[in-house]
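A closer look at the structure
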Amino acid sequence: VIRLQKYLASCGVASRRRSETYIAEGRVLVNGEVTKELGTKIDPSVDEVRFDGRVVRPESHVLYRFHKPADVLCTLSDPFERPCLNQYTSSLSERVFPVGRLDEDVTGLLLLTNNGEFADQMLHPKYGVERVYWALVKGNVTEATMKQMCEGIEMGDGFGKALRARKLSEKEASRYLPKPRYLESAVELVVGEGRKHFVKRYFAHFDHPVSRLVRVQFGQYRLDDLASGTLERVS
Ligand code: URA
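An account of the accompanying structure is given in this report. (Residues numbered from 1 in each chain as written. Predicted model: local features only at pLDDT ≥ 70, side-chain atom pairs only at ≥ 80, totals over all residues. Heavy atoms only, no water.)

What follows concerns the sheet that holds strand E5 (residues 49-51). Spatially, 4 strands are ordered E3-E2-E5-E6 in an open sheet, and the strand pairing comes out antiparallel. Strands at the two margins of the open sheet, each flanked by one partner only, are strand E3 (33-34) and strand E6 (54-55). Where E5 lies against E6, 2 bridges are found, and the strand directions are antiparallel. Of the residues in E6, the one forming a bridge with Arg50 is Val55. (Pairing = 2+ DSSP bridges. Helix = DSSP H or I, 4+ residues; strand = E, 2+ residues; numbered from the N terminus.)

Mapped onto the elements of the fold, Tyr133 is located in strand E10 (residues 131-138). The sequence separation of Tyr133 and Gly108 amounts to 25 residues, and the corresponding C-alpha distance is 8.9 Å. Every residue in contact with Tyr133, bar those within four places of it in the chain, is listed here: Leu102, Val187, Glu188, Leu189, Val191, Val199, Leu213, Val214 and Arg215. (Contact = heavy atoms within 4.5 Å.)

Attention now goes to the side chain of Thr145. For Thr145, the location among the structural elements is in helix H5 (residues 143-151). Setting aside anything within four residues of it in sequence, one finds Thr145 in contact with Phe206 and His208.

Turning our attention to the site of the ligand. In the region of the ligand, the neighbouring residues are Leu102, Asp103, Val106, Tyr133, His197, Phe198, Val199, Lys200 and Leu213. One of the backbone N or O atoms of Val199 is found 3.1 Å from a nitrogen atom in the ligand. Lys200 places a polar main-chain atom, nitrogen or oxygen, 3.0 Å from an oxygen atom of the ligand. Across the complex, the protein chains shield 95% of the 240 Å² of accessible surface that the ligand would expose by itself. Looking at the shell around the ligand element by element, the count peaks at 3 residues for helix H7 (residues 198-205). For the shell around the ligand, the per-class residue count stands at 6 nonpolar, 1 polar and 2 charged. (Near = heavy atom within 4 Å. Polar contact = N/O pair within 3.5 Å; in protein donor to acceptor, adjacent residues only side chain to side chain. Areas by Shrake-Rupley, 256 points an atom, 1.4 Å probe, with all protein chains shown as cover. Nonpolar A, V, L, I, M, F, W, Y, C, P; charged D, E, K, R; others polar.)

Structural data, given as structure tokens:
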């Protein structure tokens, strides 16, 4: 016997927290009945669980690294048929979901898995898993500004801070970023959380709007030389 949201997460529907949202939205059926109750316990050996109409079954866990191109949405389907993750994942035999999101214009490392517990460990703010971003921003970012960035600010939806910040040399930056133009800086920002548009909002607060953003690392996983638009199985 297991809690419904835990079962959904372990079967690869989504992280446990997102699974709870799906339950509350009435997208989950137990033995044919909509179940919006979060505490519901089920017995996987007898109860039939469906998500969006499809039967949910335990699968062995997989993890992929994906180099997300620009102009791809971090969703599995899009009602307007804009490019989304589906075109890359549809050939996989497992159903996978993204561990967090990157904005449409942001490129770089995205993890895809069917392991909801793993996703929770990567995403929950209490664990502070490090995300390393390389940003091309407007203006000359000074040492003083980078120091303030590591001290933190009030962001409107709570306090936020960077764990580390440093200027990238032109040579280093060229691995993932276009050449800086006049009065642009290439900066590495390491953060321990994934609030929506966090890095863009953070730089904007310091009057350095972001013109390009790439995630180069998430936890222990690195983008390395994975080509844009390709998937690689990690485990
Ligand atoms: N911060 C952003 O602003 N956007 C992302 O996609 C990721 C982090």
